[in-house]
Amino acid sequence: MNMPVQNAAVIRKVTWLGFFINVFLVIIKGVFGVIAHSQALIADAVHSATDLITDITILLGIKYWLAPADARHPYGHFRLEALISLFIACMILFAGIAIAWGGIYSILSGDTAARPGVWALIVVIVSMVSKELLFHYTLKKGKEQRSEATIANAWHHRSDAMSSIPVVIAIAVAIIFPRFVIADAIGAVAVSVFILYSSLLVFKRALGSIMDECAPKEVCDAINVIVFASRPLVKGANKLRTRRLGPEYCVDMHIQVDKNLTVEEGHNIATDLQNKIIKDVDGVGEVLIHVEPYDGKTEFNLCDKAGTK
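Residues numbered from 1 in each chain as written. Predicted model: local features only at pLDDT ≥ 70, side-chain atom pairs only at ≥ 80, totals over all residues. Heavy atoms only, no water.

Thoughts on the confidence of the model for the chain
- On average, residues of the chain carry a pLDDT of 80, and 89% of them reach 70 or more.
- Scored below 50 in pLDDT, residues 304-309 makes 18 contacts in the model with residues more than four places away or belonging to other chains. (pLDDT = per-residue confidence, 0-100. Contact = heavy atoms within 4.5 Å.)

In structure tokens, the structure reads:
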């Protein structure tokens, strides 16, 4: 199996960076949320705290999902990364539900906090900018390493940044219009909406990996071009199937060759095609080709079902 190895050092570096930024944000959001009497800012601090948990999970889990294949796990341990991504999605989901519950309770009961101070506004703006920058950096590294967990963590950072927007609005309204101090609790509910949406995005991607989701259409199209260009050695091709395993896609397909060729000649054609696909199609790490004798019916319908998402 020719699967590329993710660079553990790169993933750890970007995760540690996020960890220390999250520690800083949890402290300043929590402290100034209490000092400034801002329920929305305290809710945002809880969200940042869930980021800390996911950072720790990735730092602990990367050692195991990058472990080499063994007798009991011949395809490696990449499924663990998808499970960690699901855990991150659940953490984001639970944080969103808890924040929504607290905000809705305050609105219905009338138990709103005192008017938040201007420091709460300054802190949340700093948080929003830093988490948005961290999102772009983490997402870039996650895509470079094809790391599901790192990409999921990036979206966790983005949810933190986006959730700060209603917090800024809520605190500003509460400061400028003291009579509308309930806006702070409404802001906390708005934060939860962003958080819940982010959890769905992460959950969908992780679940796709666990359920052997097919490769994107552009991957299938690229494979089809290579196979079609291999004529006349390859007389026909069909039954293309793709699935994601860790950072790369696995591909299996059937090709037809002249029935008068020797087994060795048919094998060489398949091997050359495998190497070409792995070399030229970005994201493909393994190709399994079944060779059949040509039945006189030319067929190149690789993209009829596979890679349709």
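Points about the nonpolar core
- Within the largest apolar cluster, 30 residues are counted, with the highest numbers of intra-cluster contacts made by I58 and W65.
- Secondary structure elements with two or more residues in this core: α1 (8-35), α2 (39-65), α3 (79-109), α4 (118-145), α5 (148-176) and α6 (183-210).
- By size, the runner-up hydrophobic cluster in this structure holds 22 residues, among which are A215, V227, Y249 and V284. (Core = buried A, V, L, I, M, F, W, Y, C linked by side-chain atoms within 4.5 Å. Buried < 20%, exposed > 50% of the residue type's maximum accessible area, 1.4 Å probe, protein only. Helix = DSSP H or I, 4+ residues; strand = E, 2+ residues; numbered from the N terminus.)

Points about a nonpolar patch on the surface
- Nonpolar side chains collect at one region of the surface, where F24, V118, W119, I122 and V126 lie side by side and expose about 490 Å² of accessible area between them.
- Looking at which element gives the most residues to the nonpolar patch, the answer is α4, with four residues.
- Positionally, V126 belongs in helix α4.
- Judged by its relative accessible area of 43%, V126 falls in the partly exposed class. (Patch = residues over 30% accessible without salt bridge, like charges linked within 9 Å, V, L, I, M, F, W, Y side chains within 5 Å. Areas by Shrake-Rupley, 256 points an atom, 1.4 Å probe, with all protein chains shown as cover. Salt bridge = Lys/Arg side-chain N within 4 Å of Asp/Glu carboxyl O.)

Describing the packing of helix α7 (residues 217-229) against helix α8 (residues 263-280)
- The N-to-C vectors of α7 and α8 enclose an angle of 145°; their axes lie 10 Å apart at closest approach. Both α7 and α8 take part in a crossing whose hand is right-handed. For the pair α7 and α8, contact is made by I223, I226 and V227 and by L273, K276, I277 and D280, respectively. (Axes fitted to C-alpha atoms, helices over the stretch in contact; angles between N-to-C directions. Left-handed = near helix turned anticlockwise from the far one by under 90°.)

Topic: the sheet that holds strand β3 (residues 284-293)
- If you walk across this open sheet you meet the three strands as β1-β2-β3, and the pairing is mixed. Looking at strand neighbours, the two that pair on one side only are β1 (236-245) and β3, the edges of this open sheet. On average, each strand axis in the sheet is inclined to that of its neighbour by 15°, with strand direction left out of account.
- Sheet analysis places strand β2 (residues 248-257) next to β3, joined by nine bridges and oriented parallel. Considered in β3, the bridge of H254 is made with H290.
- Along the sheet face, α8 touches β2 and β3 and points at about 155° away from the line of β3. (Pairing = 2+ DSSP bridges.)

What to know about the environment of V26
- Take V26: it is sitting in helix α1.
- Placed 22 residues apart in sequence, V26 and S48 show a C-alpha to C-alpha distance of 5.8 Å.
- Apart from the residues within four sequence positions on either side, V26 is in contact with A45, S48, A49 and L52.

Digging into the packing of aromatic side chains
- One pass over the full model with this rule turns up four aromatic pairs.
- For the pair W16 and F19, a centre-to-centre distance of 5.5 Å together with 85° between the ring planes defines the contact as edge-to-face. One end of the pair, W16, and the other, F19, are both in helix α1, three residues apart, so they sit about a helical turn from each other.
- Taken together, the ring pairs connect W16, F19 and F20 into an aromatic cluster.
- The positively charged end of R231 is found above the aromatic ring belonging to F228, 3.7 Å away from the centroid. (Phe/Tyr/Trp six-rings, centres within 6.5 Å; stacked < 30°, edge-to-face > 60°. Lys NZ or Arg CZ within 6 Å of the ring centre and 35° of its normal.)

Section: the pattern of salt bridges
- Counted by the stated rule, this structure contains six salt bridges.
- Salt-bridge contacts for K217 lead to D221; the nearest nitrogen and oxygen are separated by 3.0 Å. Of this pair, K217 and D221 are both found in helix α7, four residues apart, which corresponds to roughly one turn of the helix.
- Relative accessible area serves as the criterion here: at 28%, D221 is assigned to the partly exposed category.

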